[in-house]
Amino acid sequence: MRQSIDLEQTRFEFPPEGGEIVVAGMQELDWSKANYLICKIETKNEWLVPLIFRFYKEQDEYLQVTMGTIPQTEVIVSFPLSALDRQKVFLPRTPGKLKTLISGTGLSKEEISRITIGTSKSFQSQLFEIKDLYLDVEEPEYLLPDKVMVDSFGQSKWKDWPGKTNSESELVTYLNQQVGVEKKFPSEWSAYGGWKKKQFDSTGFFRTEHDGSRWWLIDPEGYAFWSVGLDCVRPEIQGLLEGLEKQYEWLSETDEYKDMYYQEKDLQFVDYSIANLIRAFGNSYREKWNVMTENRLIEWRINTVGNWSSGDFIKNTKLPYVWPLKDFPGTKKKIFRDFPDAFSEEYVAEAKKYAKQLEEFKDDPYMIGYFLTNEPLWAFAENVNLAEELLEKNEILSSKFVFIDRMRKKYNGNIERFNQAWNVSFNDFKELLAPLKKSSTLSQQAKDDLEAFTRELIYKYTEVVCQAVKEIDCRHLNLGMRYAWISSEFIFEGSSLFDVFTLNNYSMVPNKEDIMEISEKSGLPVLIGEFHFGSVDAGLPATGLKGVASQEDRAKAYRYYIENAATIPSLIGAHYFTLYDQSVLGRFDGENFQIGLLDVCHKPYENFTNGITKSNERIYSVAAGTQQPYTHNAKEIPRIGF
């Protein structure tokens, strides 16, 4: 049953500071008969304009849904109302919709008091037109107009920029010139990219050591090592094909280009980066790409192959690397988002299976260490009370029985003492097996008990996995969880079981006090797993999580970030995300950021990479304090992307 929502205006123009308008007529809607909020929209700017819906409760708490859409094209997007419970952070993309991010307070359909539509800050005014807005029971068809937006090489058709590839002969000639030019690290660097001017005891594997002034990684030969990394060192650039076939100028149907297509789960993808390599190198494209890319990393003075990189590249080159373990152990029943039933036998068994993937790496001296997982979704929620979430579940979980046992012991088996402390009237502790809503609001003691068990849950979650991986591989560094940010003090529970505390840090420069505090609370050296800077002067419509105006500014931003990061005594490295720009029409989750060192035609943004090389060559002298860090930061613009 379709329920139209009448808007007082259909054309929205917001100033650079963003804004929102209230949707009228909400009282007339029957939310109980709807499963989707559906919108037909066209953004008029050539860059990504975030569409933001806010679903408010009466008390001004709200759930925020941020959606990206393909620019300058009429698209249909939808939001499943089942996601109002905030159990999900990201939603699957659909053809015209890019990324979807959910944040804020969960609510039910019945609690919605009003909705607003708006957008975020930008570097210029933002304009979009909403052509239809309605509720419906069924998910819509996501039809797009017949409009070619991507050229034969995977580049944007709606924009020109210096360095854009204009012909196949230009592409082939350029790429063949890039192969076979052997590069070497500076003479004062070791075979692993460490610093020969500072030596420690060697163990044959990477380790960490504090020299009395600062933390260092130590390479297998015993030399000081500061990890300058690059994530996603692989030739693939994933672009969604499903539903977007008519938006691409060229799609080959010949067997020669079969590698440019693949499928993951239910979605089809196309890869113009691979197609461009095939054009230049034919069947030997992977071998040629390995050689070309190893020389480029050495030329740019990048000494670490970062997360999500090609296993084939790692095996066929001699560069230190980090490795992401896949399929982090879970349980069929979850406590909150992806947080498992941490006290269950199922979790222990899954952790042991998960750890076995380390067997093939345990003797490799080039492996610095491994990441347990990346940005766990439960930790996206600010100060999440996992024990409260546990008690709300209408399911039998092992962790519930452990919590009940903790309460029984704390209150000496006296249910009346528990009732008084929690302001409840139970007959038996077992009544905690039934769903209990908002239990942290019952009393201060209830809140304290729940927070204490939340800490215990996170410690157990960490301990089970760390024990499993150490049983398989005790030589390489456990680099931790790659948290998105410190969303709660609870995150530090169990961090003492890591060897390095890793988090991603999207800022113009890492805050020294924050990094030092993380190191102090965890007792560990710190690694930054991701940072980047993008601009709008090339061929993609989004800057990513940190934006600047040009490629020259990207170079300044990188230099300021990496060199100032190296001066922080507890920091042992920082890894840039990523080698390549993302796909014009978006990857699996809709990201389409101009953040790469290379474009889809494998050309470097030379103004950017020249700056990278200059700073990376200085990294050891800056880290040791014999040279001052770069001081000319770029001016930040509001980010385009989320």
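Everything that follows concerns the structure shown earlier in this document.
It should be emphasised that the depicted structure is a prediction, and the values quoted were computed from it without experimental measurement.

(A) Fine view of the overall build of the protein. For the protein, the count of helices and strands is 12 helices and 27 strands. Over its C-alpha trace the protein gives a radius of gyration of 26 Å, about what one expects of a compact globule, namely 26 Å for 642 residues. With respect to the three principal axes, the spread of C-alpha positions in the protein is 75 × 65 × 50 Å. For the protein, with 642 residues in total, the buried portion stands at 59%.

(B) Structural context of the pattern of salt bridges. Scanning the model with the defined rule gives 40 salt bridges in all. The partner of Arg279 in a salt bridge is Glu168, and the shortest N-O contact between them spans 3.9 Å. Taken together, the residues Arg279 in helix 2 (residues 272–281) and Glu168 in helix 1 (residues 168–177) connect sequence positions 111 residues apart. Between Lys603 and Glu170 there is a salt bridge, with the nearest N and O atoms lying 2.6 Å from each other. Placement of the pair is Lys603 in the loop between strand 27 (571–576) and helix 12 (606–624) and Glu170 in helix 1, with a sequence separation of 433 residues. Accessibility expressed as a relative area gives 15% for Lys603, which makes it buried. Assessed through its relative accessible area of 26%, Glu170 is described here as partly exposed. By sharing partners, the salt bridges in this structure join Glu42, Lys44, Glu74, Glu129 and Lys131 into a single network.

(C) A look at the state of the cysteines. In total, this model carries 0 disulfides according to the counting rule given. Considering cysteine sulfurs only, Cys474 is the nearest to Cys466, which forms no disulfide, with 14 Å between them. Exposure remark for Cys466: the relative accessible area of 4% places this residue in the buried category.

(D) Representation of the sheet that holds strand 16 (residues 239–240) within the structure. Spatially, 16-18-17 is the arrangement adopted by the 3 strands of the open sheet, whose pairing is antiparallel. Two strands close off the open sheet at either side, each with one partner strand: strand 16 and strand 17 (261–264). Summarising the sheet, strand 16 and strand 18 (residues 267–270) pair through 2 bridges and their orientation is antiparallel. Paired with Leu240 across the two strands is Phe269, which belongs to strand 18.

(E) Up close: the packing of helix 7 (residues 398–410) against helix 9 (residues 444–472). Taken N-terminus to C-terminus, the directions of helix 7 and helix 9 make an angle of 130°; their axes are 11 Å apart at the nearest point. Looking at the two axes, helix 7 sits oblique to helix 9. Taken as a pair, helix 7 and helix 9 cross one another with a handedness that is right-handed. On helix 9, the residues that touch Ser399, Val402, Phe403, Arg406, Met407 and Lys410 of helix 7 are Gln445, Asp449, Leu450, Phe453, Glu456 and Leu457. Partitioned by chemical class, the residues of the contact of helix 7 with helix 9 number 6 nonpolar, 2 polar and 4 charged.

(F) A look at helix 8 (residues 415–422). Burial in helix 8 covers these residues: Ile415, Phe418, Asn419, Ala421 and Trp422. Seen from one end, helix 8 has its buried residues packed into an arc of 165°, which puts them on one side. Across from the buried face of helix 8, at angles greater than 90 degrees, the exposed residues are Glu416 and Gln420. Tucked into the core, helix 8 has its buried residues touching helix 6 (386–392), helix 7 and helix 9. Measuring from the side-chain oxygen of the N-cap residue of helix 8 to the backbone nitrogen of Glu416 gives 2.9 Å; that N-cap residue is Asn414. Two residues or fewer past helix 8, Asn423 is found with a positive phi of approximately 60°.

(G) Local environment of the sheet that holds strand 12 (residues 207–210). Spatially, the 4 strands line up as an open sheet ordered 11-14-13-12, and their pairing is antiparallel. Since the sheet does not close on itself, it has two edges, and those belong to strand 11 (195–199) and strand 12, each with one partner. Mean inter-strand twist for the sheet, computed between neighbouring axes without regard to direction, equals 55°. Sheet topology note: the strand 11/strand 14 (residues 223–225) ladder contains 2 bridges and is antiparallel. Residue Gln199 lies in a different strand from strand 14, and its bridge partner there is Tyr223.

(H) How the structure looks around the packing of aromatic side chains. Within the structure shown, the criterion is met by 46 aromatic pairs. Judged by centre distance (6.1 Å) and plane angle (55°), the ring pair of Phe403 and Trp422 falls under tilted. Placement of Phe403 in helix 7 and of Trp422 in helix 8 is noted, with a sequence separation of 19 residues between them. When sorted by exposure, Phe403 lands in the same class as Trp422, which is buried. Directly above the ring of Tyr174 sits Lys603, whose terminal nitrogen or CZ lies 5.8 Å from the centroid.

(I) Representation of the side chain of Ser252 within the structure. Tracing the chain through its elements places Ser252 in the loop between strand 16 and strand 17. On the basis of relative accessibility, which here comes to 9%, the residue Ser252 falls in the buried class. A polar atom in the side chain of Ser252 sits 2.9 Å from the side chain of Thr254.

Thresholds, definitions, all that
- Residues numbered from 1 in each chain as written.
- Predicted model: local features only at pLDDT ≥ 70, side-chain atom pairs only at ≥ 80, totals over all residues.
- Heavy atoms only, no water.
- Helix = DSSP H or I, 4+ residues; strand = E, 2+ residues; numbered from the N terminus.
- Rg over C-alpha atoms; globule rule 2.2 N^0.38 Å.
- Buried < 20%, exposed > 50% of the residue type's maximum accessible area, 1.4 Å probe, protein only.
- Salt bridge = Lys/Arg side-chain N within 4 Å of Asp/Glu carboxyl O.
- Disulfide = S-S within 2.5 Å.
- Pairing = 2+ DSSP bridges.
- Axes fitted to C-alpha atoms, helices over the stretch in contact; angles between N-to-C directions.
- Parallel < 35°, antiparallel > 145°, perpendicular 65-115°, else oblique.
- Left-handed = near helix turned anticlockwise from the far one by under 90°.
- Contact = heavy atoms within 4.5 Å.
- Nonpolar A, V, L, I, M, F, W, Y, C, P; charged D, E, K, R; others polar.
- Arc of directions from axis to C-beta.
- Polar contact = N/O pair within 3.5 Å; in protein donor to acceptor, adjacent residues only side chain to side chain.
- Phe/Tyr/Trp six-rings, centres within 6.5 Å; stacked < 30°, edge-to-face > 60°.
- Lys NZ or Arg CZ within 6 Å of the ring centre and 35° of its normal.

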